[in-house]
Amino acid sequence: MRAFAHRKVLVLNKNFTAIGVVSLPRAIVMLFSTDCAGEPKAEVIDHEIVGRYDDGRPQYNITPYTWEEWSEMRPKDGEDAIHACRGTFRIPEIIKLSQYDKLPTQKIHFSRRTIYKRDHSTCQYCKKKFGTEELSIDHIHPRSCGGQTTWENCVLSCVYCNKCKADRVPKVSQERIGGKMKTVYLVSFKDGKKTWTVHLVQPNKPSYNFFRGDIHYESWKQWLDAAYWNVELANDNKD
Ligand SMILES: [Zn+2]
């Protein structure tokens, strides 16, 4: 079991939407857990390749199994397995929740690491790239004035920009950018007598871009939308 502690399992919501990634031990706990009616909280989604589409993508046969059913299946030849005292188990790669998401997805993904990743370690005000220790997370609408700690209100800021921005409240407006109406902030800065204004488009809550480089198994790909994969290819050289 120890060797598998770093293995990841993709978590799907009840409607088969990918909502996160958990460690294998956590996934097994979720499979063992039952709700108040005694029903399992999650089940394993098996993904047997049954053919290929014209463009080469694998075509899967998707079968859900409870842990009880899954634990009775024997690993196929050459397949990694969990060797436990009670027997040998196949390793789940995908699980699906039986109820709608109870995982705090925003909390799971909203971390320093993911903010750094979203903003490409770049100060969003001066657009310069910095080392980790020179950047901090800035609340666009200051926390002292009720600004929330959300994807939409937090950006990376360098020490200098952070100091010059201080607790100034930005002006908010709506602008059409790339065919879409977006919230735009005009943030004012002050350093001594010098003042200037930075135009900042409200950052997004990222979608599955956070799986970038973290796709552990081919079986996960079908659950992540086509748009994500196109972005992935287009941006490959930028990372
Ligand atoms: Zn800066």
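Now for a look at the structure at hand. The shown structure was predicted, so the numbers you read here are calculated from the model rather than taken from an experiment.

## Let's talk about the overall build of the chain
The helix and strand tally for the chain stands at seven helices and twelve strands. Looking at the chain as a whole, 18% of its 239 residues are labelled buried. Across the chain, contacts joining residues at least 24 apart in sequence account for 49% of those joining residues at least 6 apart.

## Focus on the environment of Tyr 160
One can find Tyr 160 in helix H5 (residues 159-165). For Tyr 160, a count of 16 C-beta atoms within 10 Å puts it in the partly exposed group. Note: C-alpha distance between Tyr 160 and Glu 134 (26 residues apart in sequence) is 9.2 Å.

## As for the sheet that holds strand E1 (residues 8-12)
Read across the open sheet, the five strands follow the order E2-E1-E7-E3-E4; overall the sheet is mixed. Taken across any chain shown, the strands that pair with only one partner, and hence form the sheet edges, are strand E2 (18-23) and strand E4 (58-65). Between one strand and the next, the sheet's axes are offset by a mean angle of 35 degrees, whatever the strand orientation. Inspection of the sheet shows E1 paired to strand E7 (residues 94-97) by three bridges, in the parallel sense. From the neighbouring strand, Leu 10 faces E7, where its bridge partner is Ile 94. Across the sheet, helix H1 (residues 24-32) is in contact with E1, E2, strand E3 (42-52) and E7; its angle to E2 comes to roughly 110 degrees.

## So, the sheet that holds strand E10 (residues 171-177)
Spatial ordering of the open sheet is given by E10-E11-E12, a layout of three strands whose pairing is antiparallel. If you trace the sheet from one side to the other, it starts and ends with E10 and strand E12 (194-201), each paired once. Strand-to-strand, the axes of this sheet are offset by a mean angle of 30 degrees, without reference to chain direction. In this structure, E10 lies alongside strand E11 (residues 180-191), joined through seven bridges in antiparallel fashion. Bridging from a neighbouring strand, Val 172 pairs with Tyr 185 of E11.

## Considering the nonpolar core
Nonpolar side chains in soluble globular proteins tend to end up buried together. Counting residues in hydrophobic clusters, the biggest one holds 18 residues, and the most contacted among them are Leu 10, Leu 12, Leu 31, Ile 94 and Ile 95. At the level of elements, E1, E2, H1, E3 and E7 are the ones that each hand at least two residues to this core. Filtering out sequence-adjacent residues up to four positions away, Leu 31 remains in contact with Pro 40, Ala 42, Val 44, Trp 67 and Ile 95. Counting residues in hydrophobic clusters, the runner-up holds twelve residues, among them Tyr 125, Leu 135, Leu 156 and Cys 158.

About the thresholds
- Residues numbered from 1 in each chain as written.
- Predicted model: local features only at pLDDT ≥ 70, side-chain atom pairs only at ≥ 80, totals over all residues.
- Helix = DSSP H or I, 4+ residues; strand = E, 2+ residues; numbered from the N terminus.
- Buried ≥ 20, exposed ≤ 12 C-beta atoms within 10 Å, placed from the backbone.
- Contact = placed C-beta atoms within 7 Å.
- Pairing = 2+ DSSP bridges.
- Axes fitted to C-alpha atoms, helices over the stretch in contact; angles between N-to-C directions.
- Core = buried A, V, L, I, M, F, W, Y, C linked by C-beta atoms within 7 Å.

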